[in-house]
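# Remarks on the overall topology
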Amino acid sequence: CFDTEGKVREFGSKWRTDDCNDCSSSSNGIRCCTSYATPVDYNKEKCESIFNKETCSYEVVEKDDHSKECPVHSWVG
């Protein structure tokens, strides 16, 4: 199989893409899904979510002070 970047992938192989998707290859093709959860239930007026591409995760912090984390009540992924 060829992935979206044109690299040859062997059947049964697994990898993580640069944009944080976990992929696997089989005789049926390539399947990918996100490797992270996305915060959906938090105070969006006071807080913002920031994606860290190095850790493939979100952090939810106060807009005025990024050193203060905000509680998240629900995530999807």
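For the structure itself, consult the block above.
Residues numbered from 1 in each chain as written. Predicted model: local features only at pLDDT ≥ 70, side-chain atom pairs only at ≥ 80, totals over all residues. Heavy atoms only, no water.

This part takes up the pairing of strand β6 (residues 57-62). Two strands pair when backbone bridges link them, and strand β5 (residues 47-52) and β6 are joined in this way by 6 bridges, in the antiparallel orientation. Its bridge partner lying in β6, C47 is registered against E62. With antiparallel pairing between neighbouring strands as the criterion, β5 and β6 make up a hairpin whose turn holds 4 residues, including C56 at a positive phi of roughly 55°. (Pairing = 2+ DSSP bridges. Helix = DSSP H or I, 4+ residues; strand = E, 2+ residues; numbered from the N terminus.)

If you trace the backbone, N21 turns up in strand β2 (residues 21-26). Judged by relative accessible area, which is 19%, N21 ranks as buried. (Buried < 20%, exposed > 50% of the residue type's maximum accessible area, 1.4 Å probe, protein only.)

A few words now on the packing of aromatic side chains. Inspection of every chain in the model, using the stated rule, returns 3 aromatic pairs. Pairwise contacts between aromatic rings join Y36, F51 and Y58 into one cluster. Above the plane of the ring of Y42 lies K44, whose end atom (NZ or CZ) is 5.0 Å from the centre. (Phe/Tyr/Trp six-rings, centres within 6.5 Å; stacked < 30°, edge-to-face > 60°. Lys NZ or Arg CZ within 6 Å of the ring centre and 35° of its normal.)

The next point concerns the state of the cysteines. Across all of its chains, the model carries 3 disulfides by this definition. A sulfur-sulfur distance of 2.0 Å marks the disulfide that ties C23 to C32. Where C23 bonds to C32 through sulfur, the torsion about that S-S bond is close to 115°, and the disulfide is right-handed. The disulfide that involves C47 links it to C70, with 2.0 Å between the sulfurs. On the sign convention where negative is left-handed, the bridge of C47 and C70, at about -85° about the S-S bond, is left-handed. One end of the pair, C47, is in strand β5; the other, C70, is in the loop between β6 and β7 (74-76), with 23 residues separating them in the sequence. Each bonded cysteine in the protein gets a number by its place in the sequence, and the pairs come out as 1-5, 2-3, 4-6. We note that C33 lacks a disulfide partner, and the nearest cysteine sulfur, in C32, lies 7.7 Å from it. (Disulfide = S-S within 2.5 Å.)

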